[in-house]
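Each chain is listed here by its residues.
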Amino acid sequence: MTTTDLTPALTSPRALAATRERIALVTEAARRAGSYLAGAAHRPVAPPPEAVAALDVFRRPLQAHRIDPREILAELDAYGSPATMAQAQGRFFGFVNGGVDNAAAAAAVLAGQWDQNAALPAMSPVAAALDEVAAGWVVDLLGLPAGSTATFTPGATLANLTGILAARDALLARAGWDVHERGLFGAPAIRVVVGEEAHVSVLKALRLAGLGAGRVETVPTDATGAVRADAFPRDTDALTLVILQAGNVNTGASDPFAAIIPGVRERGGWVHVDGAFGLWAAASPALRRQVAGVELADSWGTDAHKWLNVPYDSGIAIVRERADLERATAMHAAYVASDDARPLMQLGLQMSQRARGIETWAMLASNGRDGVAALVERTCAHARLFADLLAEAGVEILAPVALNQVLVAFGPAPGAPGDDAVTDAVVAAVQREGTMWAGGSAWKCRRAMRLSVSDQATTSDDVRVSAAALVACWEAARA
Ligand SMILES: *Cc1c(COP(=O)(O)O)cnc(C)c1O
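The structure contained in this document is the topic of the report that follows. (Residues numbered from 1 in each chain as written. Predicted model: local features only at pLDDT ≥ 70, side-chain atom pairs only at ≥ 80, totals over all residues. Heavy atoms only, no water.)

A short note on the packing of helix 11 (residues 357-392) against helix 13 (residues 460-478)
- Orientation of helix 11 relative to helix 13, taken along the N-to-C sense of each, is 30°, at an axis distance of 10 Å. Classified by the interaxial angle, the pair formed by helix 11 and helix 13 is roughly parallel. Read as a crossing pair, helix 11 and helix 13 show a hand that is right-handed. Contacts from His382, Leu385, Phe386, Leu389 and Leu390 in helix 11 reach Ser460, Val463, Arg464, Ser466, Ala467, Leu470 and Val471 in helix 13.
- Each residue belonging to the contact of helix 11 with helix 13 can be placed in one class, and the counts come to eight nonpolar, three polar and one charged. (Axes fitted to C-alpha atoms, helices over the stretch in contact; angles between N-to-C directions. Helix = DSSP H or I, 4+ residues; strand = E, 2+ residues; numbered from the N terminus. Parallel < 35°, antiparallel > 145°, perpendicular 65-115°, else oblique. Left-handed = near helix turned anticlockwise from the far one by under 90°. Contact = heavy atoms within 4.5 Å. Nonpolar A, V, L, I, M, F, W, Y, C, P; charged D, E, K, R; others polar.)

A look at the pairing of strand 6 (residues 299-303)
- Among the five residues in strand 6, five count as buried, and that is most of the element.
- Pairing of strand 5 (residues 270-274) with strand 6, which is carried by three bridges, proceeds in the parallel orientation. Note that in strand 6 the partner of Asp274 across the bridge is Gly301.
- Pairing geometry for strand 6 and strand 7 (residues 315-319), over five bridges, is antiparallel. Across the sheet, the residue bridging to Trp300 is Ile318, located in strand 7. (Buried < 20%, exposed > 50% of the residue type's maximum accessible area, 1.4 Å probe, protein only. Pairing = 2+ DSSP bridges.)

Focus on helix 6 (residues 156-174)
- With 19 residues, helix 6 extends 27 Å from end C-alpha to end C-alpha; this agrees with the ideal 27 Å at 1.5 Å per step.
- Count one or two residues on from helix 6 and you reach Gly176, which has phi positive near 85°. (Expected span 1.5 Å × (residues − 1).)

A look at the nonpolar core
- Counting 48 residues, the largest nonpolar core has Phe232, Leu244, Val273, Trp280 and Ile318 as its most contacted members.
- The leading source of residues in this core is helix 11, at six residues.
- Sequence-distant contacts of Leu244, defined by excluding residues within four places in its chain, comprise Phe232, Asp255, Phe257, Ile260, Ile261, Val271, His272, Val273 and Asp274.
- Residues Leu171, Leu172, Trp177 and Ala205 belong to the second largest nonpolar core, which totals 36 residues. (Core = buried A, V, L, I, M, F, W, Y, C linked by side-chain atoms within 4.5 Å.)

Points about the site of the ligand
- Taken together, the neighbourhood of the ligand is formed by 14 residues, with Ala156, Thr157, Asp274, Asp303 and Lys306 sitting nearest.
- Interatomic distance of 3.5 Å between a side-chain N/O atom of His199 and a nitrogen atom of the ligand.
- In the model, a nitrogen atom of the ligand is placed 2.7 Å from a nitrogen or oxygen of the Asp274 side chain.
- Contact with the protein chains hides 85% of the accessible area of the ligand, taken as 380 Å² for the molecule alone.
- Among the residues forming the shell around the ligand, the class breakdown is four nonpolar, seven polar and three charged. (Near = heavy atom within 4 Å. Polar contact = N/O pair within 3.5 Å; in protein donor to acceptor, adjacent residues only side chain to side chain. Areas by Shrake-Rupley, 256 points an atom, 1.4 Å probe, with all protein chains shown as cover.)

Looking at the packing of aromatic side chains
- Counting across every chain of the model gives six aromatic pairs.
- Centre to centre, the rings of Phe95 and Trp437 are 5.6 Å apart; their planes meet at 25°, and the pair counts as stacked. With Phe95 in the loop between helix 3 (69-80) and helix 4 (102-114) and Trp437 in the loop between helix 12 (420-433) and strand 10 (439-443), this pair connects stretches of sequence that are 342 residues apart.
- Residue Phe95 is classed as partly exposed on the basis of its relative accessible area, which comes to 47%.
- Residue class for Trp437 comes out buried when judged on its relative accessible area of 10%.
- Here the aromatic rings of Phe277 and Trp307 are separated by 6.2 Å at their centres, their planes lie at 65°, and the arrangement is edge-to-face. In this pair, Phe277 is assigned in the loop between strand 5 and strand 6 and Trp307 in the loop between strand 6 and strand 7, connecting sequence segments 30 residues apart.
- Residue Phe277 is classed as buried on the basis of its relative accessible area of 1%.
- Clustering of aromatic rings is evident, with ring pairs tying together Phe92, Phe95 and Trp437. (Phe/Tyr/Trp six-rings, centres within 6.5 Å; stacked < 30°, edge-to-face > 60°.)

What about the side chain of Thr458?
- Tracing the chain through its elements places Thr458 in the loop between strand 11 (446-452) and helix 13.
- What Thr458 contacts, discounting residues up to four positions off in sequence, is Gly90, Phe93, Arg378, His382, Val453 and Val463.

Thoughts on the pattern of salt bridges
- The full count for this structure, using the stated rule, is 23 salt bridges.
- For Asp131, the salt bridge goes to Arg342, with nearest N and O atoms at 2.4 Å. Of this pair, Asp131 sits in helix 5 (residues 125-141) while Arg342 sits in the loop between helix 10 (322-329) and helix 11; the two residues are 211 residues apart in sequence, bridging distant segments of the chain.
- The class for Asp131 is buried, based on a relative accessible area of 3%.
- For the salt bridge of Asp424 with Arg447, the shortest nitrogen-to-oxygen distance reads 2.9 Å. Here Asp424, found in helix 12, pairs with Arg447, found in strand 11; they are 23 residues apart in sequence, far enough to count as distant. (Salt bridge = Lys/Arg side-chain N within 4 Å of Asp/Glu carboxyl O.)

See the structure below:
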């Protein structure tokens, strides 16, 4: 059916007019999005201060009357577009923000108009089908145990929370405690062991799960930020939850899974892996050894919106045994058909939810196995190039480049050790200068700049131009 096939006999003139208006608006929005993308390639990465100041136009009391949506769209484009971080041109290296793959971007536009609720297959056959296919592909690509259940979440924080809840409920069920009925009051205590470099969002997830962020045991890490296997407790028991990490946010280093996981599981404990970005190393035959043994865990949390370059927001929780996931997340509702194979509202934290799996499906379907591996390998190669160029200029490289993260500090002179004040000055200067964008971080009690090469759009030219801009900002900061 084309857009002109609206059947007048079944549609009131009013509904027809509304549909036509929607079609015109969505087409106009797509046209404006195209102009935005064309312009974003030629502007500073961070928005200029004037564009940020102009956002004040939005800070007005909500008026009583209706405004034509065309005017709203025009205003959004006029004042919103210039105040974006120009993520689309390959020189944004802040946080671990991915760019957007073309197929995923296009799928988001189309599926946005579908407006599907993915809670139940009855609400959207297409959402259910593509979610199932994408989830299966993810488990397979990451080399996780066949039969593991993947479910899309709003991000890695909630993916980790999902894994932690599955772990909590499974450990307590095995100990004969029904946490659903009785809560955690009086429950057997769960021992929680994490690496000292665990991501802050893991601590938040532990807090949300009622396990407390303050009572966790932390295991020391080595110079790269990976848990030291020799310092890992050997006396974990059947009420122990261990959380390991694939991909330290600063260094990309991963914990020694093969040395730790089997013992914890033999003693009855549960291992969850936070692999927000680093788990994707497993999709590359060349880099898989970085996360060797990760498949031995019980559950994993990762993101599609970081390294996989799927639009926000999209994370993935994966649990080895579906029954463990369902124990934590299922709810009883009369309208769930008993023959639903994958009622998503039973496999995650949300009831109504957008059909996140569609964009990941599009990305994977378009790139294929080799394309995903190439994305991971190319961004890692760019990270090494970045580190090489900066090291040649005399910048201190704070940790070996394990994956796509580069951690540096700037000294008072080329070759001199990094200095906190100089590093902070270079971070501020490069964000103003506009060629690229990178953020500050802290590493082993020192200030650092972190460069994350997570965008599929980044080319080696982008890296060269960005490294040159960084070195120029550093020279200016020293002068
Ligand atoms: C980004 C990140 C998270 C949190 O992921 P969100 O998708 O932002 O919720 C957790 N752990 C690590 C290692 C990360 O890099």
